[in-house]
Amino acid sequence: MSVASATATSPGAVAVVGAGVIGRSWIRVFTRAGFPTRVYDPDAEQLGRAVAWAGASAREDVHLGLCSYSEARAAEGRITSCTTLEEALDGVDYVQESGPEAVATKQSIYRELDAAAAPGVVLGSSTSANDMTVIAQGLAGAARCIVAHPVNPPHVIPLVEVLAGAETSPGVTASTLRLLRRAGMAPVLLDRFAPGFVLNRLQAALLREAISLVGTGVASPQVVDVVMREGLGLRWALVGPFGTGHVNADGGVGSYFRMYGDAYRSVWKDLDSAPNFGEDVIDAIARGMTATYGEDAVTDLSAWRDRMVRRIMQLKVEDPPPGAD
Ligand SMILES: NC(=O)c1ccc[n+]([C@@H]2O[C@H](COP(=O)([O-])OP(=O)(O)OC[C@H]3O[C@@H](n4cnc5c(N)ncnc54)[C@H](O)[C@@H]3O)[C@@H](O)[C@H]2O)c1
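Below you will find a few notes about this structure. It should be emphasised that the depicted structure is a prediction, and the values quoted were computed from it without experimental measurement.

Leaving glycine aside, a negative phi is the common case for residues, and trans is the common case for peptide bonds. In this structure, P153 follows N152 across a cis peptide bond, with omega equal to -5°. Locating P153 in the fold gives a position in the loop between strand 6 (145–150) and strand 7 (159–164). Phi angles above zero are rare outside glycine, and D296 is one such case at about 55°. Position of D296 among the secondary structure elements: in the loop between helix 11 (279–293) and helix 12 (298–318).

Here you go:
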């Protein structure tokens, strides 16, 4: 059975291969959307932890009012733990590979997947940095291999960057986009490979400047974060960088860029392309975060961030922007 053959009422089964930070979150994405989900990790303890985490995370959603107890139970009931890759691939339409990032490891996992998966099963990868053209090079089933790069954690943040390799078939790209939408995600299709895709390139560009501002004494780490949190970030979740330009001048983005083009060019010339990213700067940033959030705050901060992201997303559903269908 192929991805395209799943019926309107019952999605076909999927496999999550690699059950670390990202794989366990994909379990939540698929199971809450009704997909029977077969999970495999060569590390049996990691597999057990991921399945236990997915159940606890679903129950936490009940607590937060995001789903009912019976929905959480039903989602948990869709998980099958598998002790071999072959067992995980049995009867599935789609695989979400989430193993280690090193390219040689990805190639080796893809060799195994392509050998073991039935014809027509789509092999999607969570890779953050690798090109599917390289991962699937030489595979008989290269046409069914595709990048489906999520944002951490995918059960909270819906964006997925989808990118075909040189040999990926257009039908596989179309069915992957359909399946991800059906799973409640918001996939975007990229046109060609660039290291870091779009999301991590934007993130890296901003981080490079944030690190430079701290390292060159322009502002403390706390102030850089406040500028994002209380300034740029408030707009970007709603309208993006180009949308921001669009509302920054009465005549829209064309007028804004023409008006401020020289100002941007002049700042661009001053930007630091290789900031100091040494231990001293990293320590200063770490101290800044401890000063802001206190010791041992990572777990609570991350849970709060996830809750707030969901509330912002809900607000956007309730009050969509003009032009949204
Ligand atoms: N963590 C992130 O922020 C993030 C975001 C987006 C995408 N990704 C991508 O997702 C993938 C997984 O990242 P992660 O952060 O979950 O890593 P992780 O280290 O938490 O998990 C990797 C898992 O792969 C398992 N594994 C090892 N060898 C394997 C094999 N041969 N077959 C299947 N599984 C195997 C490990 O046991 C481990 O459980 C990577 O490609 C990464 O680039 C990560």
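The full set close to the ligand counts 22 residues, and I22, D41, E101, K106 and S128 are the nearest of them. Note that an oxygen atom of the ligand is positioned 2.4 Å from one of the side-chain N or O atoms of E101. Taking S128, its side chain carries an N or O atom lying 2.7 Å from an oxygen atom of the ligand. Elements supplying a minimum of two residues to the shell around the ligand: helix 1 (21–32), helix 5 (103–116) and strand 6. When the residues that make up the shell around the ligand are grouped by side-chain class, the tally is eight nonpolar, ten polar and four charged.

Bringing the packing of helix 1 against helix 2 (residues 44–63) into the picture now. At a closest axis distance of 9 Å, the pairing of helix 1 and helix 2 adopts a crossing angle of 50°. Taken as axis vectors, helix 1 and helix 2 run oblique relative to one another. Crossing handedness for the pair helix 1 and helix 2: right-handed. In contact with R24, S25, I27 and R28 of helix 1, helix 2 contributes A50, W53, A54, S57, A58 and D61. Of the residues that constitute the contact of helix 1 with helix 2, the class distribution is five nonpolar, two polar and three charged.

Here we take up helix 2. The first and last C-alpha atoms of helix 2 sit 29 Å apart over 20 residues, in line with the 28 Å expected at 1.5 Å per residue. Considered for burial, the residues of helix 2 that qualify are L47, A50, A54, G55, S57, A58 and D61. Mapping the buried residues of helix 2 onto a view down its axis gives an arc of 160°, with all of them on the same face. Exposed and facing more than 90 degrees away from the buried side of helix 2 are A44, E45 and H63. The inward-facing, buried residues of helix 2 abut helix 1, strand 2 (37–40), helix 3 (69–77), strand 3 (79–82) and helix 12. Backbone nitrogen of E45 and a side-chain oxygen of the N-cap are separated by 3.0 Å at the start of helix 2; the cap is D43.

Tallying each qualifying case throughout the model produces nine salt bridges. One salt bridge in this structure joins E45 and R49, with 3.9 Å as the shortest N-O distance. Of the two residues, E45 and R49 are both situated in helix 2; the distance of four residues between them amounts to about one turn of the helix. R59 is the salt-bridge partner of E76, the closest N and O atoms lying 3.0 Å from each other. Placement of E76 in helix 3 and of R59 in helix 2 is noted, with a sequence separation of 17 residues between them. A relative accessible area of 42% means that R59 is categorised as partly exposed. Each of R28, D61 and R310 takes part in one network of salt bridges that share partners.

Their axes nearest at 9 Å, the elements helix 2 and helix 3 cross at an angle of 165°. Considered as vectors, helix 2 and helix 3 are oriented roughly antiparallel to each other. As for how helix 2 packs across helix 3, the hand of that crossing is right-handed. Contact residues: G55, A58, R59 and V62 in helix 2; Y69, A72 and E76 in helix 3. Among the residues forming the contact of helix 2 with helix 3, the class breakdown is four nonpolar, one polar and two charged.

What counts and how
- Residues numbered from 1 in each chain as written.
- Predicted model: local features only at pLDDT ≥ 70, side-chain atom pairs only at ≥ 80, totals over all residues.
- Heavy atoms only, no water.
- Helix = DSSP H or I, 4+ residues; strand = E, 2+ residues; numbered from the N terminus.
- Near = heavy atom within 4 Å.
- Polar contact = N/O pair within 3.5 Å; in protein donor to acceptor, adjacent residues only side chain to side chain.
- Nonpolar A, V, L, I, M, F, W, Y, C, P; charged D, E, K, R; others polar.
- Axes fitted to C-alpha atoms, helices over the stretch in contact; angles between N-to-C directions.
- Parallel < 35°, antiparallel > 145°, perpendicular 65-115°, else oblique.
- Left-handed = near helix turned anticlockwise from the far one by under 90°.
- Contact = heavy atoms within 4.5 Å.
- Expected span 1.5 Å × (residues − 1).
- Buried < 20%, exposed > 50% of the residue type's maximum accessible area, 1.4 Å probe, protein only.
- Arc of directions from axis to C-beta.
- Salt bridge = Lys/Arg side-chain N within 4 Å of Asp/Glu carboxyl O.

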